[in-house]
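# Structure at a glance
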Amino acid sequence: MQTDIDPRSLIGRKAFDRNGSKLGTVDEVYLDDATGIPEWAAIRTGLFSRDAFVPLEPSELVEGTLHVPFERSLIKDAPDFGVGRHLSPEQELQLYHHYGIIIGDTSEPPPDRDFGQIAGE
């Protein structure tokens, strides 16, 4: 995803899955505490539903909407950690594993990589 986009501008944008089906609305964006780079978005998937975490890389912002390259069913089945608090390194690894994203050496969590939210605090 473009790194020059203000992550706050993602809040409230519509999100779509790889097939173009509407997922919901971006509720919160989580930044890497060490780098400040947006890493995760929490998408409100329905009126009485929960937020689902999706990786912002390799997602794309297209014509003002977030396009996530995963199927709706996979996104809805993502681990539910609740919103409004940091993601621990272990939670981050669970999410990467869920989406099949391989990051470096996954034998242990990366040090000092808590993810904090920037909106909805």
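Cut-offs and rules
- Residues numbered from 1 in each chain as written.
- Predicted model: local features only at pLDDT ≥ 70, side-chain atom pairs only at ≥ 80, totals over all residues.
- Heavy atoms only, no water.
- Helix = DSSP H or I, 4+ residues; strand = E, 2+ residues; numbered from the N terminus.
- Buried < 20%, exposed > 50% of the residue type's maximum accessible area, 1.4 Å probe, protein only.
- Contact = heavy atoms within 4.5 Å.
- pLDDT = per-residue confidence, 0-100.
- Phe/Tyr/Trp six-rings, centres within 6.5 Å; stacked < 30°, edge-to-face > 60°.
- Salt bridge = Lys/Arg side-chain N within 4 Å of Asp/Glu carboxyl O.

### Quick word on the environment of isoleucine 43
Along the chain, the position of isoleucine 43 falls in strand 3 (residues 38-44). Note on isoleucine 43: relative accessible area 0%, which makes it buried. The spatial distance from the C-alpha of isoleucine 43 to the C-alpha of glycine 12 is 9.2 Å, given a sequence separation of 31 residues. Ignoring sequence-local partners within four residues, the contact set of isoleucine 43 consists of Ala15, Leu23, Gly24, Thr25, Val26, Asp27, Arg50, Asp51, Ala52, Val54, Leu66 and Val68.

### Things to note about the confidence of the model for the protein
Per-residue confidence for the protein gives a mean pLDDT of 84, with 79% of residues at or over 70. Within the protein, the element-level pLDDT minimum falls on strand 7 (residues 115-117), averaging 58, and the maximum on strand 1 (residues 14-16), averaging 96. Within the model, the stretch residues 109-113 combines pLDDT values under 50 with eleven contacts to residues more than four positions away or in other chains.

### Examining the packing of aromatic side chains
Under the counting rule described, the total for this entry stands at four aromatic pairs. A centroid spacing of 6.5 Å and a plane angle of 45 degrees characterise the contact between phenylalanine 53 and phenylalanine 81, whose relative ring orientation is tilted. Placement of phenylalanine 53 in strand 4 (residues 51-55) and of phenylalanine 81 in the loop between helix 1 (72-76) and helix 2 (89-98) is noted, with a sequence separation of 28 residues between them. In this pair, the class of phenylalanine 53 matches that of phenylalanine 81, namely buried. Seen in terms of ring centroids, phenylalanine 70 and tyrosine 99 are 4.7 Å apart; in terms of plane orientation they differ by 50 degrees. Their pairing is tilted. Taken together, the residues span a long stretch of sequence, with phenylalanine 70 in the loop between strand 6 (65-67) and helix 1 and tyrosine 99 in the loop between helix 2 and strand 7 at a distance of 29 residues. Phenylalanine 70 gets classed as buried once you look at its relative accessible area, which sits at 11%. Owing to a relative accessible area of 5%, tyrosine 99 belongs among the buried residues under this scheme. Members of the aromatic cluster, each reached through a chain of ring pairs, are Tyr30, Phe53 and Phe81.

### Some remarks on the pattern of salt bridges
Using the criterion set out here, one finds two salt bridges in the structure. Ionic pairing is found between aspartate 27 and arginine 44, a salt bridge with its closest N-O pair at 3.5 Å. One end of the pair, aspartate 27, is in strand 2 (residues 22-32); the other, arginine 44, is in strand 3, and 17 residues separate them in sequence. Using a relative accessible area of 26% as the deciding quantity, one classes aspartate 27 as partly exposed. Take arginine 44: its relative accessible area is 33%, and that puts it in the partly exposed class. One salt bridge in this structure joins arginine 44 and aspartate 51, with 2.6 Å as the shortest N-O distance. Judged by relative accessible area, which is 5%, aspartate 51 ranks as buried. Overlapping salt bridges bring together Asp27, Arg44 and Asp51 as one network.

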